[in-house]
Amino acid sequence: MSEGLQKKSEQKAIDLIKAKLSRIQPGALAQRLMEGDRNALSQAITLVESTHPAHGEAAAEIIRLCLPHAGNSIRIGITGVPGVGKSSFIEEFGTYVVEQGRRVAVLAIDPSSPISGGSILGDKTRMDKLASNEKAFIRPSPSSQTLGGVARKTRETILLCEAGGYDTIFVETVGVGQSETTVHGMTDFFLLLMLAGAGDQLQGIKRGIMEMCDAMLITKADGDNAPKAQRAKSEYISALHLFPAKPSGWTPRVDVVSSLEKKGMDVAWKMVTDYEAWMKERNLFEANRQAQDLHWMHETVKEELIARFYSLEENIQRIAAIEQAIREKRLSPFEGATQLLGSN
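What counts and how
Residues numbered from 1 in each chain as written. Predicted model: local features only at pLDDT ≥ 70, side-chain atom pairs only at ≥ 80, totals over all residues. Heavy atoms only, no water. Phe/Tyr/Trp six-rings, centres within 6.5 Å; stacked < 30°, edge-to-face > 60°. Helix = DSSP H or I, 4+ residues; strand = E, 2+ residues; numbered from the N terminus. Buried < 20%, exposed > 50% of the residue type's maximum accessible area, 1.4 Å probe, protein only. Pairing = 2+ DSSP bridges. Salt bridge = Lys/Arg side-chain N within 4 Å of Asp/Glu carboxyl O. pLDDT = per-residue confidence, 0-100. Contact = heavy atoms within 4.5 Å. Patch = residues over 30% accessible without salt bridge, like charges linked within 9 Å, V, L, I, M, F, W, Y side chains within 5 Å. Areas by Shrake-Rupley, 256 points an atom, 1.4 Å probe, with all protein chains shown as cover. Core = buried A, V, L, I, M, F, W, Y, C linked by side-chain atoms within 4.5 Å. Expected span 1.5 Å × (residues − 1). Axes fitted to C-alpha atoms, helices over the stretch in contact; angles between N-to-C directions. Parallel < 35°, antiparallel > 145°, perpendicular 65-115°, else oblique. Left-handed = near helix turned anticlockwise from the far one by under 90°. Nonpolar A, V, L, I, M, F, W, Y, C, P; charged D, E, K, R; others polar. Polar contact = N/O pair within 3.5 Å; in protein donor to acceptor, adjacent residues only side chain to side chain.

(A) View of the packing of aromatic side chains. Under the defined criterion, the tally for this structure stands at eight aromatic pairs. Consider the rings of W250 and Y275, whose centres lie 5.1 Å apart with planes at 85°: the pair is edge-to-face. Taken together, the positions of W250 in the loop between α11 (226-240) and β7 (253-256) and Y275 in helix α12 (residues 265-281) put the pair 25 residues apart, joining distant regions of the chain. On the numbers, 6.0 Å between centres and 70° between planes, the contact of W250 with W278 is edge-to-face.

Listed below in structure tokens is the structure:
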């Protein structure tokens, strides 16, 4: 197929999807979603991720209908450097959690393709066992080059998954940049995965990420690597004691796991449940979520203001003229910004 024909075929497929989504009745879709229809959940998330204005209105209505039925979950952020085994761990950990009678949703934030901008969708293919489980739902989402590689609509997706009956939500980061900070701000429990015997103890992870974590797991603790993992566990326990105490009084825990040998999943789950109990006993669990909600409201306002500013027709030509003046050294960047802001 020629490049031109392939592009036409892809555009036709996109148009068909948009047309199908445009015919969706938000109330009916929300009802199906809350009854446990996985296809309805997928369609609702697609609406939320869409940039089409009509889809945005439908998505907002679905979220409004689902909001009273959301919130009954534990939200777990999972991060770690590439190669630490996040996908393998999430598959085994998710399977264990399902066996405990829970329903698990995994929001795997894929890096966007540099060519198409779409999700590479690698995580779903690596979690085939969990993906085939009726009590699990996996949704790879393109990062769309937003801050830290985290999909802008992840928070809304969490709410939809909760309304769909999923009581355990995993949010996996790409493990680079500032995505960890963003995911920490939308989850209840933040889990850091680390490797043993890989040189630098921080392995490229900033100190701030270690300060944010509520627990740390040393992965690949099997075979010849098992003794190294145990040594790393002791080292990290000592290192974490040097950090300032958390406001909640919770002391981050450290242990080892092996996805290959399916070991340590029970320990990891106990970390989560103990933390949840600790926070709820001190009335901090809901307070933390309320603070997150307010934070994301203000962040959304900032994003919307920027988007509207750059989309205004009267600004587009002025921006181009001021950019040219800056290139030609007739204006400083700061003068250019002042002129643009003064025109609105």
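(B) Expanded view of the pairing of strand β5 (residues 189-194). In terms of burial, β5 is largely enclosed, as six of its six residues are buried. The alternating pattern of β5 places F189, L191 and L193 and F190, L192 and M194 on opposite faces, both of which are buried. Inspection of the sheet shows strand β1 (residues 74-79) paired to β5 by four bridges, in the parallel sense. Each residue of the ladder has a partner; that of T79, found in β5, is L192. Where β5 and strand β6 (residues 215-218) come together, four bridges link them in parallel fashion. Across the sheet, the residue bridging to M194 is I218, located in β6.

(C) Focus on the pattern of salt bridges. A complete count under the given rule lists 19 salt bridges for this structure. Measuring nitrogen to oxygen at the nearest pair gives 3.5 Å for the salt bridge that ties D167 to R102. Of this pair, D167 sits in the loop between α8 (154-163) and β4 (168-172) while R102 sits in the loop between α5 (86-99) and β2 (104-110), and the two are 65 residues apart along the sequence. Several salt bridges converge on common partners, so that one network encompasses R253, K270 and D274.

(D) Structural detail: the confidence of the model for the protein chain. Per-residue pLDDT for the protein chain has a mean of 85; in total, 80% of the residues score no lower than 70. Segment residues 112-124 is flagged for pLDDT under 50; beyond a separation of four residues in sequence, or across chains, it makes 29 contacts in the model.

(E) Local environment of a nonpolar patch on the surface. On the surface, M297, V301 and L305 cluster together into a nonpolar patch covering about 290 Å² of accessible area. Within the secondary structure, M297 sits in helix α13 (residues 285-311). Given a relative accessible area of 44%, M297 falls into the partly exposed group.

(F) Expanded view of the nonpolar core. Core analysis: the largest hydrophobic core is formed by 49 residues, its most contacted members being L160, C161, M216 and I218. Here this core takes six residues from helix α3 (residues 38-49), the largest share from any one element. Here I218 is in contact with M194, L195, A196, A229, A232, K233, Y236, V254, D255, V256 and V257, once residues within four sequence places are set aside. Counting 33 residues, the second-largest nonpolar core is a separate cluster that includes F89, I138, L193 and M265.

(G) The arrangement of α13 in detail. Between its terminal C-alpha atoms α13 stretches 39 Å, which fits the 39 Å expected from 27 residues at 1.5 Å a residue. Those residues of α13 that sit buried are F285, R289, Q292, W296 and F309. Contacts made by the buried residues of α13 are with β1, α8, α9 (179-184), α12, α14 (313-327) and α15 (333-342).

(H) Representation of the environment of Q100 in the model. Within the fold, Q100 resides in the loop between α5 and β2. Along the chain, Q100 and D266 lie 166 residues apart, while their C-alpha atoms are 9.8 Å from each other.

(I) Summary view of the packing of helix α2 (residues 26-34) against helix α4 (residues 53-66). Between α2 and α4, the shortest axis-to-axis distance is 9 Å and the interhelical angle comes to 45°. Between α2 and α4, the angle is such that the two are oblique. When the axes of α2 and α4 are compared, the crossing they make is right-handed. Contacts from P26, G27, L29, A30, L33 and M34 in α2 reach A58, E61, I62, L65 and C66 in α4. Grouping the constituent residues of the contact of α2 with α4 by class yields nine nonpolar, one polar and one charged.

(J) Inspection of the pairing of β4 at higher detail. For β4, a buried count of five out of five residues is recorded, marking the element as mostly surrounded by other parts of the structure. Burial along β4 is two-sided: the residues T168, F170 and E172 and I169 and V171 are all buried. Pairing between β1 and β4: five bridges, direction parallel. Paired with I76 across the strands is F170, a residue of β4.

(K) The arrangement of the side chain of R75 in detail. Mapped onto the elements of the fold, R75 is located in strand β1. Here R75 falls in the buried class, since its relative accessible area comes to 5%. In terms of polar contacts, R75 uses its side chain to reach the side chain of E162, at 2.7 Å. Sequence-distant contacts of R75, defined by excluding residues within four places in its chain, comprise R155, I158, L159, E162, I169, M186, T187, D188, F189 and R289.

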